[in-house]
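Here are the chains, one letter per residue:
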Amino acid sequence: MKKTIYILLFFHFFVFRLTAQKLNTYQDKFVRNVIANQFYECANNSVKFESGMANFCVINHDTFFNPIGYQYLFHLKSDSIERLDHSMFHGGNFKRFLFTDSQNIYLLGGYGMFVTHNNLEAFDLKSREWYIKATTGPKPPFVAGYTFKSGNYVYTFNNIKCGNDTEPDEFNHDIYRLDLNTFTWEKFENLNSNLEFVFNAVVNKAEFYYTKDYFINITGDKFVIINPENLNYLILNNHGLKFKEYNCSIQNNNLYLENTSSNEIFKNVQVFDIDSLYKTNKAITIPLLLAPNWLQTFYFKYATIIWGIILLILSGFIFIKYLKN
């Protein structure tokens, strides 16, 4: 009996460490106090601490927390918390992508200090400092868009560079792939033309979310769900739901939208189970083309022209044959 209890407790602890995406009351207060010591009022409730895998990452059985836009890094130990970093510089990587490999924690890209950058920052657990990780190959000029990890690769495309209302926003449609074994970038032509609607978005209206198993983009009336495991995606209509009017929090694969209206009548919470939504619509998922070969590129770029020429030749042949008869 005692052995069974130990097994159950271990299983509970193991699952919790892998899936926990919420700070407890003590941990939340600890992080806010750390931020308040340096930034005062910035530590209030406007700081998003429940953004799913945009805040949390796991290496082996250790869970780490990084508030978006800051270089603070915390190690969660059951109900306790420990600050790991010695950082003083913050605010330069909102909309960054947080991810890990087998041993390290990384932050890729992001926006801050009026710049959308392409830095790959890595955290050294021994020195407890962030540093710029060197990469080779054609790296993306800026990273703030469709960015996710699949296997030993990080993919990023449909990236948006904010013009800060002084110049036009810039959009980079190309696909970039980072090999985490060699830290080499490759560049590919983006053939996923049905995802181009993100180009029409103002930078601050394109929202990117990370649940336990999915990457989500919400732009206008489009709701995109990408499964990084099988590299398939869905495009759904959000039926006019304006996500900007809600406080969004994420737990595992659930999106919780709380209406921010001051009218108590309209204060309600809507829950989106992304896993169920994806699986329910699995029949209409579309494969992502992330590293197209030359034949795919040729077909997608010139298929319409080739078929047009073939139809024109056939029509001419039929017409000539008709005249002879």
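Before reading further, recall that the structure is shown in the block above.
Residues numbered from 1 in each chain as written. Predicted model: local features only at pLDDT ≥ 70, side-chain atom pairs only at ≥ 80, totals over all residues. Heavy atoms only, no water.

### Observations concerning the sheet that holds strand 13 (residues 175–179)
- Strand order in this open sheet of 4 strands is 9-10-13-14, and the pairing throughout is antiparallel. The open sheet has two free edges, formed respectively by strand 9 (146–150) and strand 14 (184–188), since each of these has just one partner strand. Recorded for the sheet is a direction-independent mean angle of 20 degrees between the axes of neighbouring strands.
- One ladder, built from 5 bridges, connects strand 13 with strand 14; its direction is antiparallel. Counted as the bridge partner of Y176 is K187 from strand 14. (Pairing = 2+ DSSP bridges. Helix = DSSP H or I, 4+ residues; strand = E, 2+ residues; numbered from the N terminus. Axes fitted to C-alpha atoms, helices over the stretch in contact; angles between N-to-C directions.)

### A short note on the environment of C42
- On the secondary structure map, C42 appears in the loop between helix 2 (25–39) and strand 1 (56–59).
- C42 sits 10 residues away from R32 along the chain, and the two C-alpha atoms are 8.7 Å apart.
- Those residues within four positions of C42 in sequence are excluded, and the remaining contacts are I35, V47 and Y70. (Contact = heavy atoms within 4.5 Å.)

### Thoughts on the environment of W130
- Of note, W130 is situated in strand 8 (residues 129–132).
- By relative accessible area, W130 is classed as buried at 14%.
- Remark: the alpha-carbon pair of W130 and D85, spanning 45 residues in sequence, is separated by 7.8 Å.
- Excluding residues within four positions of it along the chain, W130 makes contact with Q71, L73, D85, S87, I105, L107, E121, A122 and F123.
- Among the polar contacts made by the side chain of W130, one reaches the main-chain carbonyl oxygen of Q71 at a distance of 2.7 Å. (Buried < 20%, exposed > 50% of the residue type's maximum accessible area, 1.4 Å probe, protein only. Polar contact = N/O pair within 3.5 Å; in protein donor to acceptor, adjacent residues only side chain to side chain.)

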